[in-house]
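Geometric and topological summary
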Amino acid sequence: MNKTHLLSCLLVFSSLIMPAQAQVASTKVYNTGKAIEKPLIMSRFIEMQSARSVPEVMFTDTKGEQISLKQYKGKLVLVNLWATWCAPCIKEIPQMENIRQVNKDKNLVVVPISIDEESDKVQAFLERHDLGHYQTWLDPKKTIDQIMPADVVPATYVFDGSGNLVGFLRGYLDWGDKEVQPYLEKLTAKYAHR
């Protein structure tokens, strides 16, 4: 078998086994326009040039109820991926809860999603860390991979009011910094009613 034929076979084979997430969020919906000026703390946040449509994916809450992001139409949604084995995630949880509380009467919601495979242990973990009140969604099978990669935690993905992906930040961020809330308010004004 010559090298060209071997390479062709490998390309065909790899396209058959390539994970579905390679196709994730690839459909451009609209141009997002000029990016909002970021404070230094948000320098790693990527505001995408084009909003991307994503498929509807179902999750469960800690009571076992089915839920999806579609219930937040007209709001900016921050999806925060986390896991019990992730030390930086534990630092982010109180900060994310604070953002949720500060914005509870606004058009911004925080949706934490645990990607722990043993989701039955998540609530006990939260209670052990005095975070039993934290309302998280569960995704033990990582169906979130149909929308965005779940290979880094913590990670925060931002969706507009129609459920299109408009930005993301992978890795830890001090969400409690005083410059974060004003930036989130600008994002909300730009994207909540899209």
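The numbering scheme is per chain: residues are counted from 1 as the chain's sequence reads. Totals for whole chains, interfaces and linings use all residues, but because this is a predicted model, local features are given only for residues with pLDDT of at least 70 and pairs of side-chain atoms are given and counted only at 80 or more. Hydrogen atoms and water are omitted, and side-chain values are computed over all heavy atoms in the structure.

Per an unreviewed UniProt entry, the chain goes by the name TlpA disulfide reductase family protein and belongs to Shewanella fidelis.

A few words on the sheet that holds strand β3 (residues 59–61). Pairing between strands is defined by DSSP: at least two bridges between them are needed. Per the convention used, a helix needs a DSSP run of H or I reaching at least four residues, while a strand needs a run of E reaching at least two, with both numbered from the N terminus. Pairing within the open sheet is mixed, and its 9 strands lie in the order β1-β2-β9-β8-β5-β6-β7-β3-β4. Two strands bound the open sheet, and with one partner strand each, they are β1 (27–31) and β4 (66–67). Pairing of strand β5 (residues 76–82) with strand β6 (residues 108–114), which is carried by 7 bridges, proceeds in the parallel orientation. By the bridge assignment, V79 is partnered in β6 with V111.

A word on the nonpolar core. Nonpolar cores were defined as sets of buried Ala, Val, Leu, Ile, Met, Phe, Trp, Tyr and Cys residues, with membership established by side-chain atoms within 4.5 Å. Each residue is placed in one exposure class: buried if its accessible area under a 1.4 Å probe, protein chains only, is under 20% of its type's maximum, exposed if it is over 50%, and partly exposed if it falls in between. Among the nonpolar cores identified, the biggest contains 56 residues, and V79, L81, V111, I144, F159 and W175 are the most heavily contacted of them. At 6 residues, β5 tops the list of elements feeding residues into this core.

Sheet topology places strand β2 (residues 46–53) next to strand β9 (residues 165–170); 3 bridges connect them, and they run antiparallel. From the neighbouring strand, I46 faces β9, where its bridge partner is F168. As judged from the 5 bridges shared by strand β8 (residues 155–159) and β9, these two strands associate in the antiparallel manner. Its bridge partner lying in β9, Y157 is registered against F168. Between the end of β8 and the start of β9, which pair antiparallel, lie 5 residues, with G163 showing a positive phi angle near 85°.

It is worth spelling out the environment of I67 at this point. Within the fold, I67 resides in strand β4. Residue classification places I67 among the buried positions, given a relative accessible area of 12%. When the C-alpha atoms of I67 and W137 are compared, they prove to be 8.3 Å apart, with 70 residues separating the residues in sequence. For this analysis, residues touch if any pair of their heavy atoms sits within 4.5 Å. If sequence neighbours within four positions are ignored, I67 has contacts with V57, M58, F59, T60, D61 and W137.

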